[in-house]
Amino acid sequence: MRWRYLKDRGNTAGMKAALIFANSLFFLMLIGLYYKSRPILALKSLSHLLGSSVWLPTQGQFGFYPFIVGTVEVTLIAMILAVPTCLLAAVWLAEYSSRRFREALRVVIDLMAGIPSVIYGLFGVIVIVPLVRDVGRALGRQTTGYTLLAGGVILAVMVAPIIISVSVEVLRAVPMEARETSLALGITKWAAVRHVLFKSARHGLLSAVVLGFARAFGETIAVLMVVGNVARVPHSLFDPAYPLPALIANNYGEMMSIPLYDSALMLAALILLVVVGVFHMVAHLALYRMEKGS
Amino acid sequence: MRLTMKWRRREEAMMKALMVASLAVILLFLAGIIFVIVSRGARALSWSMIVQTPKGGYYLGGGGGIANAIVGSLYLTLGASIISVLLSLPIAFALQREYVPRAVANLTRLALDVLWGTPSIVYGAFGFVVMVYLGLRASLLGGIIALSLLMLPIMTRAMEEVIRMIPLQLKEIAYSLGATRIETTLHVVLRQALPGIVTAAMLAFGRGIGDAASILFTAGYTDYIPHSLLDPAASLPLAVFFQIGTPIKEVQDRAYASALILLIVILVVNLFSRFMSLRFSRHNVR
């Protein structure tokens, strides 16, 4: 009996240690990246680094402004394309389609979420980039096709599975009575969706969008392959851009040979971690609260 | 504003058409991706691509294959899966009600969800920091560390969902017979949740094998099959990435073939895990 008791104690201690690790991993990453980015923060203020547009690592000039603008713009384009499309698709799946079709589509959408980003990127290079180039040329722009717009389109496709699956779940969680009551008043199904469902599921739907945004914000390889990677602030959809994740991924090779370069890239990773972390925390807290409410 | 019934019906029909169109566009993209990768990849795929490592001048269109990347990817992801399982299982078990208060469990779920959403390039950067700290160079081991951190939240969260679904009565029976917590966990919970745990591990495996950004600077890339944990390791996603980046057409074709191999691996893992969860949950107590 004593042995069994000790075994239980020992295992519990081990499991608690693993639990502590899980809870502290985010902070470990925060500390690790901050530690590495301290050398550059010691020399220049964060606001100067974020606000400056001059990116000349060999001369010790690290201005993140074009990269931050690139990240935000490519993400916004993706969201403008993805949010209405995905929400409409989610409404159809949640409210109009049969249960069987919804279940089948769930498998397909899970599959879509599991496709590696490098394959999305490859699709972008083969199909989207030439398409954007032709459209751009038809509009009278000199462009290679490797542009902000191409990155936005690919990201929109990549965030679709997240936005759809969370939205469908959120819409399904709205109580049946809400639908029945509004339909009993004689309004159409769409009117019920717009006036009742959207209203009662608004936090959940917003969370779905925020999760999509966070995913797009940190996506690396697929964007890197189609966005052109020119360190300048883009002025139109047909200009190349250079988002932060692409910056990190592209320059790991030379970062050890130029002073402060590695520090600057780790700061970029830290920015990504913080921004995406905050977005996720807000979205998940809203989703938990909804779960509890229902 | 008062709307006539006719107008409302028209609005309804229009919105419905828009919804179906939206869904169709999304599905069309998916079909397009699979079609493009399969049709382009199948043309370039050959047996020598799978079984040979790159020969001299491979990246200029010379002979050889991507066996280095296939084996490298398997090593990396299997290694990371083992570490992840060893870490995830205790965490998922510890989230049960008899081990921690509900508030702690909820906090951990939030932490795991945030980690799940953390971009893979950040895991890569953090893995790099750890490697520098440990004095490692880009190696199989470094890649495994970064990848296992990436897979940890995916695996734990999926396992925990399964464990939470286990009927409480089952555990109560074990406790009423005088079993300790660890005995209940290993003999009742683990056995009951095993299909779900395997599915969770395979889900994480599928994510891990397709991820490029986290192993970009931690695992490196090499034309050889790694022989020790400290050798650099090639990987399939990076093989696609580097080969599409060259201007030579033969090499680009091989990128399509590599992508097809990667896609097939992921489809097989996906279908297999679905099959497993169906096949082995038949004997579970519900």
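Draft legend 1. Just the overall build of chain B, in detail. The helix and strand tally for chain B stands at ten helices and zero strands. Listing every helix and strand of chain B by position from the N terminus yields α-α-α-α-α-α-α-α-α-α. What you see for chain B is a C-alpha radius of gyration of 24 Å, clearly larger than the 19 Å of a compact globule of 286 residues, by over 25%. Dimensions along the principal axes, computed over C-alpha positions, put chain B at roughly 70 × 70 × 35 Å. Across the 286 residues in chain B, those meeting the buried criterion constitute 54%. For chain B, the exposed area adds up to about 13,000 Å²; of that, 68% sits on carbon and sulfur atoms. Here chain B holds 25 positive side-chain charges and 13 negative ones, and the gap between their average locations is 9 Å.

Draft legend 2. View of the interface of chain A and chain B. Opposite the 80 residues of chain A that make contact, chain B presents 78 residues. With both chains or domains summed, chain A and chain B bury close to 7,100 Å², and 81% of this area falls on carbon and sulfur atoms. Notably, a salt bridge pairs Asp8 of chain A with Arg181 of chain B, separated by 3.5 Å at the nearest N-O pair. Taken together, the links from chain A to chain B amount to twelve residue pairs in polar contact (both at pLDDT 80 or more). Ranked by the residues each element gives to the side of chain A that touches chain B, the list is headed by helix H1 (residues 2-43) of chain A, at 20 residues. Looking at the side of chain A that touches chain B residue by residue, the class counts come to 57 nonpolar, 14 polar and nine charged.

Draft legend 3. How the structure looks around the domain arrangement of chain B. All names here are of chain B. Domain annotation of chain B identifies domain 1 (5-44) and domain 2 (50-280). On a C-alpha basis, the centroid separation for the pair domain 1 and domain 2 is 32 Å. Between domain 1 and domain 2, the residue contacts involve six residues of the former and seven residues of the latter. The three residues of domain 1 that bury the most area against domain 2 are Ile37, Arg40 and Ala44, which together make up 63% of that side's buried surface. Taken together, domain 1 and domain 2 are joined by zero salt bridges. At the boundary of domain 1 and domain 2, one finds one residue pair in polar contact (both at pLDDT 80 or more).

Draft legend 4. Inspection of the side chain of Ser73 of chain B at higher detail. Residues and elements named next belong to chain B. With respect to the helices and strands, the residue Ser73 is situated in helix H3 (residues 67-94). According to the relative accessible area criterion, Ser73 is buried, its value standing at 2%. Among all residues touching Ser73, those that are not within four sequence positions of it are Ile209, Ala234, Ser235, Leu236 and Pro237.

Draft legend 5. Unusual backbone geometry, seen in detail. Residues and elements named next belong to chain A. Positive phi is not limited to glycine here, since Asn229 has a value of about 55°. The backbone phi angle of Leu260 is positive, close to 70°, even though this residue is not glycine. Mapped onto the secondary structure, Leu260 falls in the loop between helix H11 (244-251) and helix H12 (261-293). Here Leu260 falls in the partly exposed class, since its relative accessible area comes to 22%.

Draft legend 6. Region of interest: the packing of H1 of chain A against helix H8 (residues 181-210) of chain B. Two elements in contact, H1 of chain A and H8 of chain B, have axes whose closest approach is 8 Å; the angle formed by their N-to-C orientations is 75°. For the element pair H1 of chain A / H8 of chain B, the angle class is roughly perpendicular. In this structure, H1 of chain A contributes Arg4, Lys7, Asp8, Arg9, Asn11, Thr12 and Met15 of chain A to the contact, and H8 of chain B contributes Arg181, Ile182 and Glu183 of chain B.

Draft legend 7. Local environment of the environment of Gly70 of chain A. Residue and element names in this part refer to chain A. Position of Gly70 among the secondary structure elements: in helix H3 (residues 65-96). Overall, the relative accessible area of 0% leaves Gly70 in the buried class. Residue contacts for Gly70: discarding those within four places in its chain leaves Leu148, Ala241 and Pro243.

Draft legend 8. Quick peek at the packing of aromatic side chains. All names here are of chain A. Counted according to the given criterion, the structure contains 16 aromatic pairs over all chains. Seen in terms of ring centroids, Trp55 and Phe64 are 5.6 Å apart; in terms of plane orientation they differ by 50°. Their pairing is tilted. When sorted by exposure, Trp55 lands in the same class as Phe64, which is buried. Ring geometry for Phe213 against Phe279: centres 5.0 Å apart, planes inclined by 35°, an arrangement best described as tilted. Note that Phe213 is positioned in helix H9 (residues 202-218) and Phe279 in helix H12, a separation of 66 residues in sequence. Residue classification places Phe213 among the buried positions, given a relative accessible area of 15%. Chaining the aromatic ring pairs together yields one cluster made of Trp55, Phe62, Phe64, Phe67, Tyr242 and Tyr261.

Draft legend 9. Just a nonpolar patch on the surface, in detail. Residue and element names in this part refer to chain B. Judged by side-chain polarity, Ile264, Val268, Phe272 and Phe275 come together as a nonpolar surface patch covering roughly 370 Å² of accessible area. Secondary-structure assignment places Phe272 in helix H10 (residues 249-280). A relative accessible area of 41% places Phe272 in the partly exposed class.

Draft legend 10. Geometry of the side chain of Ser120 of chain B. All names here are of chain B. One can find Ser120 in helix H5 (residues 120-134). By relative accessible area, Ser120 is classed as buried at 14%. Among residues more than four places away in sequence, those in contact with Ser120 are Leu150, Asp211, Ala213 and Ser214.

Draft legend 11. Just the pattern of salt bridges, in detail. A complete count under the given rule lists 16 salt bridges over all chains for this structure. The residue Glu95 of chain A makes a salt bridge to Arg179 of chain A at a minimum N-O spacing of 2.6 Å. Taken together, the residues Glu95 of chain A in helix H3 and Arg179 of chain A in helix H7 (residues 176-184) connect sequence positions 84 residues apart. Its relative accessible area of 9% is what places Arg179 of chain A among the buried residues. With a shortest N-O distance of 3.0 Å, Glu161 of chain B and Arg157 of chain B are connected by a salt bridge. One end of the pair, Glu161 of chain B, and the other, Arg157 of chain B, are both in helix H6 (residues 140-164), four residues apart, so they sit about a helical turn from each other.

Definitions and limits used
- Residues numbered from 1 in each chain as written.
- Chains lettered and ligands numbered in written order.
- Predicted model: local features only at pLDDT ≥ 70, side-chain atom pairs only at ≥ 80, totals over all residues.
- Heavy atoms only, no water.
- Helix = DSSP H or I, 4+ residues; strand = E, 2+ residues; numbered from the N terminus.
- Rg over C-alpha atoms; globule rule 2.2 N^0.38 Å.
- Buried < 20%, exposed > 50% of the residue type's maximum accessible area, 1.4 Å probe, protein only.
- Areas by Shrake-Rupley, 256 points an atom, 1.4 Å probe, with all protein chains shown as cover.
- Lys, Arg positive; Asp, Glu negative; His and termini not counted.
- Charge placed at Lys NZ, Arg CZ, Asp CG, Glu CD.
- Contact = heavy atoms within 4.5 Å.
- Buried area = accessible area lost by both parts, 1.4 Å probe.
- Salt bridge = Lys/Arg side-chain N within 4 Å of Asp/Glu carboxyl O.
- Polar contact = N/O pair within 3.5 Å; in protein donor to acceptor, adjacent residues only side chain to side chain.
- Nonpolar A, V, L, I, M, F, W, Y, C, P; charged D, E, K, R; others polar.
- Domains from an automatic or database assignment.
- Axes fitted to C-alpha atoms, helices over the stretch in contact; angles between N-to-C directions.
- Parallel < 35°, antiparallel > 145°, perpendicular 65-115°, else oblique.
- Phe/Tyr/Trp six-rings, centres within 6.5 Å; stacked < 30°, edge-to-face > 60°.
- Patch = residues over 30% accessible without salt bridge, like charges linked within 9 Å, V, L, I, M, F, W, Y side chains within 5 Å.

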